[in-house]
Amino acid sequence: MAAAVQSYGIENQEQNTSILEQHLEELRINGFTILRNQLTEAELRDATSRLDALYLQQESELGADILKAIKEANLVRCPLAADEFFLGLARKPLVLDLASKAIGGGYIMLHLQNGIINRPNEPHHQSSWHRDLPYQEYTTSRPIGIGALVCIDDFTQEMGCTYVLPHSHRVERMPSAEYVKKFEKPAEAPAGSIILFDVMLYHRAGYNSSSRIRRGLNNVYTAPLFKQQIDLPTALDGKHRQDPELARFLGYDSKVPGSVLEYRRSRHDRLTNR
């Protein structure tokens, strides 16, 4: 670890004793951090072919024109429901450890998983500034959610990498256009990296001016207070219900009961299966 910085008039300074603590500090202050070398070459090849295949499948269900009309073009919703390879990418141990420590308060739940396909010289809906919990304009003392953006291809400015607005997770409103232009920062990272960010950090996809597709897989983890973007227990048709740890991660323990009787039976099942 680096030695303490030279200073005066300061009685306290953060002391990081591990790489994990360094990443947590970056998340807390900047709102994002980058983990490198998290996917193998084999995983990257699989992620590329599987994500492309799933997009064609989802496009065929509604048609390209409808997806474009509802701003869902080049977006793969909930790929893990169709291919459990993507569930593995949502459960990288270092990512879960960091997300759990950052959020705190018990266990974390997978809130959403989406694949982003940023094609050359095409606008993408994700290129608009946003938070991954949209329409929320408040701040909290610690993160309510952590996003993990898996870089399946190189994230460079030419390929339309993600742009972030550092520290914006600490302000309620979107800063002015002048401020954004002055302080936005490209989060460049090689394929195989994972960009972790506070879900309240303003960010956007860049414009892909290269000749290559840029793919990413966004996983969002939250405390089990927020409803999932897609009901994963239903989408998975009950699969993994018998695995207590995985069932909690996928939201089985956080589904809203439909009646008092269902609530009490669910509570009894959880207590007796501990």
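Residues numbered from 1 in each chain as written. Predicted model: local features only at pLDDT ≥ 70, side-chain atom pairs only at ≥ 80, totals over all residues. Heavy atoms only, no water.

Peer 1: Hey, could you run me through the overall build of the protein chain in this one?
Peer 2: Scanning the protein chain from terminus to terminus reveals 9 helices and 9 strands. For the protein chain, the C-alpha radius of gyration of 20 Å lies close to 19 Å, the compact-globule estimate for 274 residues. The principal-axis extents of the C-alpha atoms in the protein chain amount to approximately 60 × 50 × 40 Å. Burial analysis of the protein chain (274 residues in total) assigns 44% to the buried set. Of the contacts formed within the protein chain by residues at least 6 apart in sequence, a portion of 81% connects residues at least 24 apart. Element-wise, carbon and sulfur atoms account for 50% of the exposed surface of the protein chain, whose accessible area totals about 15200 Å². (Helix = DSSP H or I, 4+ residues; strand = E, 2+ residues; numbered from the N terminus. Rg over C-alpha atoms; globule rule 2.2 N^0.38 Å. Buried < 20%, exposed > 50% of the residue type's maximum accessible area, 1.4 Å probe, protein only. Contact = heavy atoms within 4.5 Å. Areas by Shrake-Rupley, 256 points an atom, 1.4 Å probe, with all protein chains shown as cover.)

Peer 1: Hey, could you run me through the packing of helix H1 (residues 19–29) against helix H5 (residues 93–103) in this one?
Peer 2: For any two helices packed against each other, the geometry comes down to the angle between their axes and how far apart the axes lie. Axis separation between H1 and H5 bottoms out at 10 Å; the angle between their running directions is 55°. When the axes of H1 and H5 are compared, the pair comes out oblique. Helix-helix and strand crossings are classified by hand; for H1 and H5 the assignment is right-handed. Across the interface between the two elements, Leu-20, His-23, Leu-24 and Leu-27 of H1 pack against Leu-94, Asp-97, Leu-98, Lys-101 and Ala-102 of H5. Looking at the contact of H1 with H5 residue by residue, the class counts come to 6 nonpolar, 1 polar and 2 charged. (Axes fitted to C-alpha atoms, helices over the stretch in contact; angles between N-to-C directions. Parallel < 35°, antiparallel > 145°, perpendicular 65-115°, else oblique. Left-handed = near helix turned anticlockwise from the far one by under 90°. Nonpolar A, V, L, I, M, F, W, Y, C, P; charged D, E, K, R; others polar.)

Peer 1: Honestly, the side chain of Arg-204 in this entry has me stumped. Any pointers?
Peer 2: Examined against the element boundaries, Arg-204 turns out to sit in strand S8 (residues 203–205). Assessed through its relative accessible area of 17%, Arg-204 is described here as buried. A polar contact is formed between the side chain of Arg-204 and the side chain of Glu-184, at a distance of 3.0 Å. Those residues within four positions of Arg-204 in sequence are excluded, and the remaining contacts are Gln-126, Ser-127, Ser-128, Trp-129, His-130, Cys-161, Thr-162, Tyr-163 and Glu-184. (Polar contact = N/O pair within 3.5 Å; in protein donor to acceptor, adjacent residues only side chain to side chain.)

Peer 1: Looking at this structure, I do not really get H1. What am I missing?
Peer 2: Helical geometry note: an α-helix holds 3.6 residues per turn, so side chains three or four residues apart project in the same direction. What H1 keeps buried is the set Leu-20, His-23, Leu-24 and Leu-27. All buried residues of H1 fall inside an arc of 100° around its axis, so they share one side. Packing partners of the buried residues in H1 comprise strand S1 (32–35), H5, strand S4 (145–151) and strand S7 (194–198). One or two positions beyond H1, positive phi appears at Gly-31, with a value near 90°. (Arc of directions from axis to C-beta.)

Peer 1: Help me understand the packing of aromatic side chains in this model?
Peer 2: Any pair of aromatic rings gets described here by the distance separating the centres and the angle formed by the planes. Per the counting criterion, the structure on display carries 3 aromatic pairs. Here the aromatic rings of Tyr-179 and Phe-183 are separated by 4.6 Å at their centres, their planes lie at 40°, and the arrangement is tilted. In this pair, Tyr-179 and Phe-183 both sit in helix H6 (residues 177–183), 4 residues apart, roughly one turn of the helix. For Tyr-179, a relative accessible area of 36% gives the class partly exposed. Considering the side-chain rings of Tyr-221 and Phe-249, the 6.1 Å spacing of their centres and the 35° angle between planes classify their relative orientation as tilted. Of the two residues, Tyr-221 sits in strand S9 (residues 214–222) while Phe-249 sits in helix H8 (residues 244–250), which places them 28 residues apart along the sequence. As far as burial versus exposure is concerned, Tyr-221 and Phe-249 are alike and both buried. (Phe/Tyr/Trp six-rings, centres within 6.5 Å; stacked < 30°, edge-to-face > 60°.)

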